[in-house]
Amino acid sequence: MFSPSFCPKCGGSDLKSQLPPGDTHERLMCRGCGYIHYINPKIIAGCIIEQDGKYLLCQRAIPPRPGTWTLPAGFMEGGETTEQAALREVWEESGVRAEILSPYSIFSVPKISEVYIIFRAIALEITDQYGPETLDYKFFAPEDIPWDSIYYPAIRQILERYIEERQAGVYGIYIGNDDSGRIHFIR
């Protein structure tokens, strides 16, 4: 994880890891001006988009794992809501304009300091104009999904569970993490 060499406030180079008064975690602190530098998780937002019983997946064009498939999702930008980030990422990665129906899954990956927020959504417009991070995109019927080429195990688990729930017509909202290297979700 990136840690600055110089204080973002005063430019000094006297950043040291220490416990600020009244805090519970060590932080990088500037001994010159007292600035506390927080290193917080990155938020990834995306959507499960269903159309006519098929699910939108994007084939990655960029590392890590180019050529694998995933749900359209990406890093949230400053000034965005999670919903705006998810819809922007869907648009950038697939050229699909979508509408969010509800939250579906939140999972944490502490070892790389990321939090994933996945929404249920529907496609409103399909333009066939996807961005440079995508090699291809496709709506797959469940039996045609390239399960062994899904980018991340948690994405596969979320999609498998969603398809099962779709058949039952009842959706949960899930939280989980991969502290142990295996994703565990709680309904």
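Scroll up to find the structure.
The following refers to the structure shown. (Residues numbered from 1 in each chain as written. Predicted model: local features only at pLDDT ≥ 70, side-chain atom pairs only at ≥ 80, totals over all residues. Heavy atoms only, no water.)

## Points about the nonpolar core
Here comes step 1: In this structure, I48, L57, F107, I145 and L159 are the most contacted members of the largest nonpolar core, which totals 24 residues.
Here comes step 2: For this core, the secondary structure elements donating two or more residues are β4 (42-51), β5 (54-60), β8 (96-109), β9 (114-126) and α2 (153-168).
Here comes step 3: Take this core: its biggest share by element is 6 residues, from α2.
Here comes step 4: Ignoring anything within four residues of it in the chain, the contact list for L159 reads I48, Y55, L57, L71, I145 and W147.
Here comes step 5: Membership of the second largest hydrophobic core comes to 17 residues, among which are L56, A85, V115 and I117. (Core = buried A, V, L, I, M, F, W, Y, C linked by side-chain atoms within 4.5 Å. Buried < 20%, exposed > 50% of the residue type's maximum accessible area, 1.4 Å probe, protein only. Helix = DSSP H or I, 4+ residues; strand = E, 2+ residues; numbered from the N terminus. Contact = heavy atoms within 4.5 Å.)

## Observations regarding the packing of aromatic side chains
Here comes step 1: Under the criterion given, the structure shown has 10 aromatic pairs.
Here comes step 2: Look at Y104 and Y162: their rings are 5.2 Å apart centre to centre, the planes differ by 80 degrees, and that puts the pair in the edge-to-face class. Here the residue Y104 occupies a position in strand β8, and Y162 occupies one in helix α2, the gap between them amounting to 58 residues.
Here comes step 3: Owing to a relative accessible area of 0%, Y104 belongs among the buried residues under this scheme. (Phe/Tyr/Trp six-rings, centres within 6.5 Å; stacked < 30°, edge-to-face > 60°.)

## Re helix α1 (residues 82-94)
Here comes step 1: Given a rise of 1.5 Å per residue, 13 residues ought to cover 18 Å, and the 18 Å separating the end C-alpha atoms of α1 matches this to within 8%.
Here comes step 2: For α1, the full list of buried residues reads A85, A86, R88, E89, V90, E93 and S94.
Here comes step 3: Where α1 is buried, its residues contact β4, β5, β7 (73-75), β8, β9 and β10 (134-140).
Here comes step 4: Looking one or two residues past α1, G95 carries a phi angle of roughly 70 degrees, positive in sign. (Expected span 1.5 Å × (residues − 1).)

## Some thoughts on the environment of G34
Here comes step 1: Within the element layout of this structure, G34 appears in the loop between β2 (27-30) and β3 (36-37).
Here comes step 2: Residues G34 and P20, spaced 14 residues apart in sequence, show a C-alpha to C-alpha distance of 9.3 Å.

## Thoughts on the state of the cysteines
Here comes step 1: Summed over all chains, the structure comprises 0 disulfides.
Here comes step 2: Take C33: it sits in no disulfide, and the sulfur closest to it among the cysteines is that of C7, at 3.7 Å.
Here comes step 3: C47 provides the cysteine sulfur closest to C58, a residue in no disulfide bond, and the two sulfurs are 11 Å apart. (Disulfide = S-S within 2.5 Å.)

## So, the pattern of salt bridges
Here comes step 1: By the definition in use, this model includes 8 salt bridges.
Here comes step 2: Between E80 and R88 there is a salt bridge; the shortest N-O distance is 2.6 Å. Summarising the burial analysis for this pair, E80 and R88 share the class buried.
Here comes step 3: Here R88 ties to E92 by a salt bridge, and the two come within 3.1 Å at their closest N and O atoms. With R88 and E92 both in helix α1, this residue pair falls 4 residues apart, about one helical turn.
Here comes step 4: Residue class for E92 comes out partly exposed when judged on its relative accessible area of 34%.
Here comes step 5: Salt bridges sharing partners connect three or more residues here, namely E80, R88, E89 and E92. (Salt bridge = Lys/Arg side-chain N within 4 Å of Asp/Glu carboxyl O.)

## Focus on the side chain of T68
Here comes step 1: Structurally, T68 can be placed in the loop between β5 and β6 (69-70).
Here comes step 2: Exposure remark for T68: the relative accessible area of 16% places this residue in the buried category.
Here comes step 3: A distance of 2.7 Å separates a polar side-chain atom of T68 from the backbone oxygen of R65.
Here comes step 4: Residue contacts for T68: discarding those within four places in its chain leaves C58, Q59, R60, S149 and Y151. (Polar contact = N/O pair within 3.5 Å; in protein donor to acceptor, adjacent residues only side chain to side chain.)

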